[in-house]
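If you want the building blocks of each chain, they are given just below.
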Amino acid sequence: MSPTTVPDLLPDTCTIPGPPRGGSGSRGSGARASGGPGPAPRPAGFRPDIEGLRSVAVLAVLAFHASVPGLAGGFVGVDVFLVVSGYLITGLLVREAVTTGRVRLGEFFSRRARRLLPSAAVVLGAVALAGAWLTVPLRRADLEHDVLASALSVANWRFVSQQTDYLAAGRDPSPLLHFWSLAVEEQFYLVWAPLVALIGFLAARAVRRGRAVRTVAAAVAGALTLGSFALSLHWTHDSVSLAYLGTPSRVWQFGVGALLALLPWHRLRGPRLPRLLTGWAGLLAIGWCVVAYDARTPYPGYAALVPTFATAAIILAGTPDRRGGHAGVATGYGVDRLLGLRAPRAVGRLSYNLYLWHWPVLVLAEARLGTLGWPAKAALSAAAVPPAVAVLRWIEQPLRRSRTVSELPRRGLSLGLTSVIVPVVLALVVGTGTLRLLGPAGPVDLLGLPPGSPDGTSLLVRTATAPENGPVVPAAAQARKDFPPDGECEVAPSAVTSPACLFGETTSPDRIVLLGDSHAGQWFSPVLAIAAQRHWALEELVKQGCPLPELDVVNPQLGRTYWECDNWRAAALERLRSGPKPRLIVVSALNRYTDDRRLLLDGWERTLAPLRALGVPIVYLQDTPIPGTDVPACVSGHTGDPAACEFPRSRAQWPDPLAEEIAAGRVPGVRSVELNSVLCPGAGRSCPAVLERILLYRDDAHLTNVAAVVLTPRLERLLTEAGLVPAVAAPAGSAAGPGKAGADGWTPVLRDDFGGPAGSRPSADHWQYDLGTCYPGCPAPQWGTGEVETMTDSTANVHLDGRGALEIVPTLENGRWSSGRIASRRSDLAPPPGGVLRIEASIALPDVTGPAAAGYWPAFWTLGSQLRDGYTGWPAIGELDVMEQVNGRDSVFGTMHCGTLDGGPCQEPKGLGSGDRPCGADCRTGFHRYAVEVDLTAGAEQVRWYLDGREHHRVVAAQMDRATWDKAVNHGLFLILNVAVGGNLPAALGATPGPATEPGHPMRVDYVAVSTRGGTRP
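**Quick look at the overall build of the protein chain**
And then number 1: When helices and strands are tallied, the protein chain shows 31 helices and 32 strands.
And then number 2: In the protein chain, which comprises 1018 residues, the proportion classed as buried is 56%.
And then number 3: Of the contacts made within the protein chain by residues no fewer than 6 positions apart, 77% connect residues no fewer than 24 positions apart.
And then number 4: In the structure as shown, the protein chain presents an accessible area of about 40000 Å², 60% of it carried by carbon and sulfur atoms.

**What about the packing of aromatic side chains?**
And then number 1: Across all of its chains, the model carries 19 aromatic pairs by this definition.
And then number 2: Ring centres of F108 and Y189 lie 6.5 Å apart, and the angle between their planes is 65 degrees; this geometry places the pair in the edge-to-face category. Within this pair, whereas F108 is found in helix 3 (residues 105–134), its partner Y189 is found in helix 6 (residues 179–202), the two being separated by 81 residues in sequence. You'll find F108 and Y189 in the same group, each marked buried.

**Notes on the packing of helix 14 (residues 374–383) against helix 15 (residues 385–401)**
And then number 1: Where helix 14 contacts helix 15, the two axes come as close as 5 Å, and the packing angle between them is 20 degrees. Judged on the interaxial angle alone, helix 15 and helix 14 are roughly parallel. Mapping the contact onto sequence places S381, A382 and A383 in helix 14 and V385, P386 and P387 in helix 15.
And then number 2: A class-by-class count of the residues in the contact of helix 14 with helix 15 yields 5 nonpolar, 1 polar and no charged.

**Comments concerning empty space enclosed by the protein**
A probe matching the size of a water molecule, rolled over the atoms, marks out where space remains unfilled.
And then number 1: Using the criterion set out here, one finds 6 cavities of 30 Å³ or more in the structure.
And then number 2: Lining the second largest cavity are L117, A120, A121, L124, S150, A151, S153, F179, L182, S419 and V420.
And then number 3: Elements represented by at least two residues in the lining of the second largest cavity include exactly helix 3, helix 4 (137–151), helix 6 and helix 17 (409–438).
And then number 4: No other element matches the 4 residues that helix 3 contributes to the lining of the second largest cavity.
And then number 5: Residue composition of the lining of the second largest cavity, by class: 8 nonpolar, 3 polar and no charged.

**Description of a nonpolar patch on the surface**
And then number 1: On the surface, a cluster of nonpolar side chains totalling about 360 Å² of accessible area is made up of L417, I421, V425 and V429.
And then number 2: Within the fold, I421 resides in helix 17.

**Concerning unusual backbone geometry**
Note on backbone geometry: most residues besides glycine have negative phi, and most peptide bonds are trans.
And then number 1: Of note, the amide linkage connecting V473 to P474 takes the cis form, showing an omega dihedral of -5 degrees.
And then number 2: With respect to the element layout, P474 can be found in the loop between helix 17 and helix 18 (476–479).
And then number 3: W874 connects to P875 through a cis peptide bond whose omega is 5 degrees.
And then number 4: Within the element layout of this structure, P875 appears in the loop between strand 23 (856–864) and strand 24 (879–884).
And then number 5: With a phi close to 60 degrees, H535 is a non-glycine residue in the positive phi region.
And then number 6: With respect to the helices, strands and loops of the structure, H535 is situated in the loop between helix 20 (524–533) and strand 4 (537–543).
And then number 7: A positive phi angle, near 55 degrees, is found at E692, a position not held by glycine.
And then number 8: Within the element layout of this structure, E692 appears in the loop between strand 12 (690–691) and strand 13 (694–695).

**What about the nonpolar core?**
Proteins that are soluble and globular tend to have nonpolar side chains buried together.
And then number 1: Membership of the largest hydrophobic core comes to 102 residues, with the highest contact counts inside it found for L93, F108, F179, W192, Y299 and I315.
And then number 2: No other element matches helix 2 (residues 77–100), which puts 13 residues into this core.
And then number 3: If you look at the next biggest cluster of nonpolar residues, it comprises 54 residues, including C489, V586, A689 and L703.

**Here's the deal with the state of the cysteines**
And then number 1: According to the stated counting rule, one finds 5 disulfides in the structure shown.
And then number 2: In this model, C634 is linked to C645 through a disulfide, with the two sulfur atoms separated by 2.1 Å. On the sign convention where negative means left-handed, the S-S torsion of about -100 degrees between C634 and C645 marks this disulfide as left-handed. Here C645 lies in the loop between helix 23 (631–636) and strand 9 (647–648) and C634 lies in helix 23, a separation of 11 residues in the sequence. An identical accessibility class is assigned to C634 and C645; each is buried.
And then number 3: What pairs with C680 in a disulfide is C687, and their sulfur atoms sit 1.9 Å apart. Between C680 and C687 the disulfide shows an S-S torsion of about -80 degrees. By sign, it is left-handed.
And then number 4: Take C680: its relative accessible area is 3%, and that puts it in the buried class.
And then number 5: The class for C687 is buried, based on a relative accessible area of 0%.

Conventions and cut-offs
Residues numbered from 1 in each chain as written. Predicted model: local features only at pLDDT ≥ 70, side-chain atom pairs only at ≥ 80, totals over all residues. Heavy atoms only, no water. Helix = DSSP H or I, 4+ residues; strand = E, 2+ residues; numbered from the N terminus. Buried < 20%, exposed > 50% of the residue type's maximum accessible area, 1.4 Å probe, protein only. Contact = heavy atoms within 4.5 Å. Areas by Shrake-Rupley, 256 points an atom, 1.4 Å probe, with all protein chains shown as cover. Phe/Tyr/Trp six-rings, centres within 6.5 Å; stacked < 30°, edge-to-face > 60°. Axes fitted to C-alpha atoms, helices over the stretch in contact; angles between N-to-C directions. Parallel < 35°, antiparallel > 145°, perpendicular 65-115°, else oblique. Nonpolar A, V, L, I, M, F, W, Y, C, P; charged D, E, K, R; others polar. 1 Å grid on protein atoms, 1.4 Å probe; cavity = no way out; pocket = protein on both sides within 12 Å on 5 of 7 lines; lining within 4 Å. Points joined across faces, edges and corners; volume = space filled by probe spheres on them. Patch = residues over 30% accessible without salt bridge, like charges linked within 9 Å, V, L, I, M, F, W, Y side chains within 5 Å. Salt bridge = Lys/Arg side-chain N within 4 Å of Asp/Glu carboxyl O. Core = buried A, V, L, I, M, F, W, Y, C linked by side-chain atoms within 4.5 Å. Disulfide = S-S within 2.5 Å.

What follows is the structure, given as structure tokens:
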């Protein structure tokens, strides 16, 4: 197992199940309040050997966490404690059910709360406060979430979600990871205690109540044990984190302890020597596990049987026989005698608090001091003894013995609730401040990124380089979630095939294939952009942690040989062999699966040989630098000096045998491309974590999506210069005359570049004016949307600027707003049958914001041609809002309206919208391209919205019935450009025209272009 697995230590009373020697009236709980501060009286049947057994388990765990050489299997201590807990707690519950006919659940949970939760609360509070001082902000935010989960006894599921998430790579262990086992314990007893109580209630009137309770409880425990063990085997095979930390896969170990308490072992006859040998064999088996097991042991699985049954053997060896004697009493050599000595019992009494304290001390010390050796870790573990003793003496024991707290169950429960609330409040207070410090955590505005440089030594275009002291993009909190937007196409370790993951122009006969592991997946956005610019498709075949060269590896998530990788690789290669031939195959992979050069090259050859047989160009995208540390966490603590997070070049860049062989001409049919000269420029000793204010890594090994997007122009240039992809053709309609297809396959239908003298009207051949406040005969005034302006044909509202742009200007005179609204004369703009229609405009939004922009509503949109025949039939006839913006916000959106007036498949009157798409202040000061494509290609019918060539919204025909779809898009359209003032939408988003609203800010349009592609034309 990994060094972050930890056991649970619970200070439950060490009692013998069954009738106590002190008489039937004794509960044997050991939790009875004491009136004074002296030692609590020993209950009848006290098991000193079990108290000593705790010391064996906790010392093993401490040695494991301290990385003491030769004791890598110390994690088996967790199994010891789970069995002990199941034995003791079940004995306690069954004893009460047998003697009283019921189980007082309030008393049971009150006793657990006052004994466990105050000590835990002290640790949680200390960690919450110490974390604010010792950890960087991003780790601090994670830590406060861990405090919340630990206080609420769900820590195991939080850590399951993190450790099974391959994309959460590179994070350091939590100081509270050890609370997973306490959570497992509490979750188990929240079910088991009521179940035993129910069994006791149902058997209360039985003639032989004790036998009935024990028989039924044993049957239930046996069924749970077998089912849980089967699940543990399954999860160990599929997800080691879920198997190790999940409650269902640990129940069987509680169950083994429960069966020890329920079955009549004390009635066994026979010589004492076998029982004596059984006890020693159990202790030796635990020691063997500590020495023999390590991180490569598939765990828990079958391997957990050894420490589990070894613990059971020790407990059984010390269980009194029918005469009341122990195995070791007669001989003096029983393992129970050794474990019952003063020293083991002293450590056992301290084990719970020692366990609670030692792990946070280790982790927080390393967070502050860096990686430590095992002697330092051992010393730190010893340093956890004083706080553990202090909490035991001055908090745990006084509360356990307090008559005031223990005499009423509700007082113990109130104490437990307080012990939960206090760390929760501390975590919320510290966490809220940390989140404020971290800044934004939402998605990054990719449209507002500075352009990347296609050549030279700079990451960014020099004129667009971010200010030297500007914010890092993405912010540290954003970087953690800045993954490529490929959904479920980067398949998990358990998958053996990839889904049909096509992006971009999915119906195009041309496609690029992106093939490899997550280090190939990090290039998804650039490769998709390169494909989309050429109207190609992108097929992604990517699997997490799976080497593309044919190598045998062990997957750390599965904890075993990664045979799913071999099956996936074979399936991917077969898919490429049997499917349509792609235009280009891009391969990439982590360069650290092995340091054996010959083995790696042989593995690559076995993969590249079938790819070369396809007769397709292959490009090897060299692996990027590996920081080996949690970069976003480091940057969050050094926002003013990100250079502090640089990492050694020698550690980050390994020799790349495949790239060397390609450069030497010994790998035919494969070209090599690298971007490391940009990511780690120069020849210095270190590589940057932040370059030109771009945060490069999302964890310890993968690029942020932002960094990949910024590198797109450079990757495109390298592929183009290598002849692997053609150069991009000119924008639709700019190079070919009307009706003639351009080099990119688009046929221009309409284009207006708005040339003409300043102050003149736009071309009457292309445009007509919509006047007044509604179309003639329309059923609603104010254009049906509540606008307050009157549309005119005055050049004060609509004119050319003399520099190649159209201006639409809202004006205010005598309290009355006027503006402009022009529509294309053509209303037959439609995709050819089975083809695509593209409508595009380059627009600069009104340069006004804040209160001065209240009520501004610029828009570029289309309506169905039938609306010109009486202007009725909306929304069934269809409306495509290519671009809308309201109230001067730094965001735009696109929407499709269709169907019925209220609700329906298009959710009217809201429509099927993209939601806000951030565009930044430069959308008001510069031109950006807004486009919509209506694609009627058979099998891929959809409408797509683009901003500066990047798709940001899509509606597919499958989202509605066929009749609604056809009425909305399968006909001619006309275009509209306007700036409205006021209306329902600006009001819904918080602003209406008022005294502060400034007139005179135009929407400027550089060009409008309409083109078609594919299909058949008349």
